[in-house]
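Structure at a glance
Here are the chains, one letter per residue:
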Amino acid sequence: MANNSRGRNTQATWIIGAVIGVVIAVAAIVAISSTGGKETTSDLQQFGTIEVVGDPLPQFTSEEGDTAVGMMAPVVNGTGFSGNAISTSHGTPMLIVFLAHWCPHCQREVPLLVEWEKSGAVPAGIDVIAIATGTDPANPNYPPSDWLAREQFPALWPVMTDSKSFEAAEAYGLQGYPYFVLVGADGKVAKRMSGEIPMDQLTQEIQAVLG
Amino acid sequence: MNNETFELFFAMLSVATLAGTIVILMARTVFRSSNAGVALIDGFRPFARPLSAAIATTCMLGSLYFSEIVNYKPCRLCWMQRGAMYPLAIMLVIFTVLKTPRIGRIVVPIAAIGSCISMYHWLLERFPDNLDSGVCSKDVPCEFVWFELFGFVTLPFMALTGFLAIIVFNTLPSPTE
């Protein structure tokens, strides 16, 4: 009887071993056959060359007591996805929006910005410039050009591509995404904000700058 | 083979591991008095430790592949899970080779801690609004989902299934006569 029991256990062991081997083999076969080369390519430039003119802002910590308010904002000269020249030069009130393609909060904020623009709620007299930063081909939702095109990002708002070392983001003191910098017509920082901002709050902040 | 192939392969292994873990757990709890349950546990026992070692090693090598080859950057919680899984992989291989007895008291607490971190990380991915500040950190935030298959299999989920398997496979009841 002991021999019968041992025999059954040996049989069960072989069966279990075979099942484990089959599972691994099936997983490998299905994985290899189900997936093919799916390269995401884009002819557009996802990174640009950045020139920073002026002193960088201190790193953003919170809206309360932000030491950058009142400082001269650096001017960032760069290019867009098509290589077109874009600059944050002073002279008009400006809203600079920093977006990362992989950030879930940016992905939720962009449709709000699009709707804000479409509804005509954007205060007159302010320029909006977006900067695609934090770009990483290994991260989801790459490339940012495709993402913003899908979201129908307003064509009137230029999108600058940050460099691979994120110089534009560093110049404005970015610590998280999304990131907003309001610059007055005099070139001084009026407000910095980070995170998902409701559009009515954004409108109020801009109107405070415009006066 | 591209990254998606490996993602799918590891995801399927993870689901299979979870299924096997549940089967073994059922055999030793609900069906512990039945002949089938006893036979299954007795038949599985020779595989328990080498399979635990293989699972932990696969988890370790898989995480290194995704971070070093594919450049998925590990966040703070990933590193904490690695802190549990990597030593487990090394220990389980050594224990398997040396046939060290009663290793459950060593590996199970480590796997239990790892599984709690994996569970929290997986929940953070599911419910980021409840658990984060509304801002993506400049570095890699832990609610960031590198990939998701079958609607729920992500990197923390794979680690969780590994830890759970190690716990269940190393707490089998004593052999029957």
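In what follows, the structure referred to is the one given above.
1. What about the overall build of chain A?
- Scanning chain A from N- to C-terminus turns up five helices and nine strands.
- The linear arrangement of helices and strands in chain A, starting from the amino end, is α-β-β-β-β-α-β-α-β-α-β-β-β-α.
- The C-alpha radius of gyration of chain A comes to 26 Å, more than 25% above the 17 Å expected for a compact globule of 211 residues.
- The C-alpha extent of chain A, read off along each of the three principal axes, is 95 × 40 × 35 Å.
- Taken over 211 residues, chain A has a buried fraction of 45%.
- Long-range contacts, defined as pairs at least 24 residues apart, comprise 74% of the intrachain contacts of chain A with a sequence gap of at least 6.
- With the model as given, the accessible surface of chain A reaches about 10,100 Å², and the carbon-plus-sulfur share is 55%.

2. Some thoughts on the interface of chain A and chain B
- At the interface, 36 residues of chain A touch 34 residues of chain B.
- Overall, the association of chain A and chain B removes approximately 2,700 Å² of surface from exposure, summing both partners, and the carbon and sulfur fraction of that is 68%.
- The interface formed by chain A and chain B holds one salt bridge in total.
- In this structure, K73 of chain B and D136 of chain A form a salt bridge, with 2.4 Å as the shortest nitrogen-oxygen distance.
- At the junction of chain A with chain B, the criterion picks out two residue pairs in polar contact (both at pLDDT 80 or more).

3. Examining the state of the cysteines
- Applying the stated rule across the entire model yields two disulfides over all chains.
- The side chain of C103 of chain A participates in a disulfide bridge whose partner is C136 of chain B; the two sulfur atoms lie 2.0 Å from each other. Measuring handedness by torsion sign, the sulfur bridge of C103 of chain A and C136 of chain B sits at about 90° and is right-handed. In this pair, C103 of chain A is assigned in the loop between β4 (94–99) and α2 (104–118) and C136 of chain B in strand β1 (residues 136–137), connecting two distinct chains. Take C103 of chain A and C136 of chain B: they sit in the same class, and that class is buried.
- Disulfide pairing is shown between C75 of chain B and C142 of chain B; the S-S distance is 2.3 Å. Between C75 of chain B and C142 of chain B, the disulfide has an S-S torsion of 110° and is therefore right-handed. On the criterion of sequence distance, the pair formed by C75 of chain B in the loop between α2 (35–69) and α3 (76–98) and C142 of chain B in the loop between β1 and α6 (155–169) is long-range, its members being 67 residues apart. In terms of burial, C75 of chain B and C142 of chain B fall into one category: buried.
- C106 of chain A takes part in no disulfide bond, and the closest cysteine sulfur, belonging to C103 of chain A, lies 3.6 Å away.
- In this structure C116 of chain B is not part of a disulfide, and its nearest cysteine sulfur, from C59 of chain B, lies 16 Å away.
- Relative accessible area serves as the criterion here: at 54%, C116 of chain B is assigned to the exposed category.

Basis of the calculations
- Residues numbered from 1 in each chain as written.
- Chains lettered and ligands numbered in written order.
- Predicted model: local features only at pLDDT ≥ 70, side-chain atom pairs only at ≥ 80, totals over all residues.
- Heavy atoms only, no water.
- Helix = DSSP H or I, 4+ residues; strand = E, 2+ residues; numbered from the N terminus.
- Rg over C-alpha atoms; globule rule 2.2 N^0.38 Å.
- Buried < 20%, exposed > 50% of the residue type's maximum accessible area, 1.4 Å probe, protein only.
- Contact = heavy atoms within 4.5 Å.
- Areas by Shrake-Rupley, 256 points an atom, 1.4 Å probe, with all protein chains shown as cover.
- Buried area = accessible area lost by both parts, 1.4 Å probe.
- Salt bridge = Lys/Arg side-chain N within 4 Å of Asp/Glu carboxyl O.
- Polar contact = N/O pair within 3.5 Å; in protein donor to acceptor, adjacent residues only side chain to side chain.
- Disulfide = S-S within 2.5 Å.

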